[in-house]
Amino acid sequence: MRSLVFLLASTLMVSASDIADPDALEHLVRQDCGSCHGLTLKGGLGPDIRPDALSHYDPDTLAIVVLDGIPGTAMPPWRPLISEAEAQWIADYLLSGTQP
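Scope of this entry: the structure provided in the associated data block. (Residues numbered from 1 in each chain as written. Predicted model: local features only at pLDDT ≥ 70, side-chain atom pairs only at ≥ 80, totals over all residues. Heavy atoms only, no water.)

Describing the overall build of the protein
Regarding its fold elements, the protein presents 4 helices and 0 strands. In the protein, the succession of helices and strands from N to C terminus is α-α-α-α. For the protein, contacts bridging at least 24 residues in sequence account for 50% of all contacts bridging at least 6. Taken as a whole, the protein presents about 5800 Å² of accessible surface, with 60% of it coming from carbon and sulfur. (Helix = DSSP H or I, 4+ residues; strand = E, 2+ residues; numbered from the N terminus. Contact = heavy atoms within 4.5 Å. Areas by Shrake-Rupley, 256 points an atom, 1.4 Å probe, with all protein chains shown as cover.)

Structure (structure tokens):
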């Protein structure tokens, strides 16, 4: 857990507005989310998280999943490590397949 916190602290450069650099958030998605969901996000330990696979989510609900995880699964809560604004950015990014 300590190494994950260090990785996130070194990857995310949170500004005064509490939203990390979009490039850092994209890197977080590709590397950290990709470590379970596959580096191409097509699935691995976790399911496919490309836009078509997530189309049943609205952005707000998906942001809550990112923040609070899914109990009983390997999806961890990211709330201790990222802000609500960052989770919303990630949800929008995953649903669109591009940076919002």
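Remarks on the packing of aromatic side chains
Counted under the stated rule, the structure contains 1 aromatic pair. Between the aromatic rings of W89 and Y93, the centroid separation amounts to 5.1 Å while the plane-to-plane angle is 10°, which identifies the pairing as stacked. With W89 and Y93 both in helix α4 (residues 84-96) and 4 residues apart, the pair spans about one turn of that helix. Of the residues examined, W89 reaches a relative accessible area of 10% and is grouped as buried. We classify Y93 as buried; its relative accessible area is 2%. (Phe/Tyr/Trp six-rings, centres within 6.5 Å; stacked < 30°, edge-to-face > 60°. Buried < 20%, exposed > 50% of the residue type's maximum accessible area, 1.4 Å probe, protein only.)

Brief notes about helix α2 (residues 22-37)
Here α2 has its buried residues at A24, L25, L28, V29, D32, C33, G34 and H37. A positive backbone phi angle near 90° is found at G38, which sits one or two residues after α2.

Examining the environment of M75
Tracing the sequence through the fold places M75 in the loop between α3 (59-68) and α4. According to the relative accessible area criterion, M75 is partly exposed, its value standing at 22%. Each C-alpha atom, one on M75 and one on V65, is 8.5 Å from the other, the two residues being 10 residues apart in sequence. With residues up to four places along the chain from it excluded, the contact list for M75 reads H37, V65, V66, G69 and I70.

Focus: the layout of surface pockets
Size it by volume and the largest pocket reaches roughly 460 Å³. Going through the elements one at a time, α2, α3 and α4 are the ones with two or more residues in the lining of the largest pocket. If one sorts the elements of the lining of the largest pocket by residue count, α2 sits on top with 6 residues. Looking at the lining of the largest pocket residue by residue, the classes come out as 20 nonpolar, 4 polar and 2 charged. (1 Å grid on protein atoms, 1.4 Å probe; cavity = no way out; pocket = protein on both sides within 12 Å on 5 of 7 lines; lining within 4 Å. Points joined across faces, edges and corners; volume = space filled by probe spheres on them. Nonpolar A, V, L, I, M, F, W, Y, C, P; charged D, E, K, R; others polar.)

With respect to the environment of V29
Mapped onto the fold, V29 is located in helix α2. In the structure, V29 is positioned 65 residues away from L94 in sequence and 8.6 Å away in space, judged by C-alpha atoms. Setting aside anything within four residues of it in sequence, one finds V29 in contact with G34, L41, I90, Y93 and L94.

Any functional reading would require information that these geometric values do not contain.
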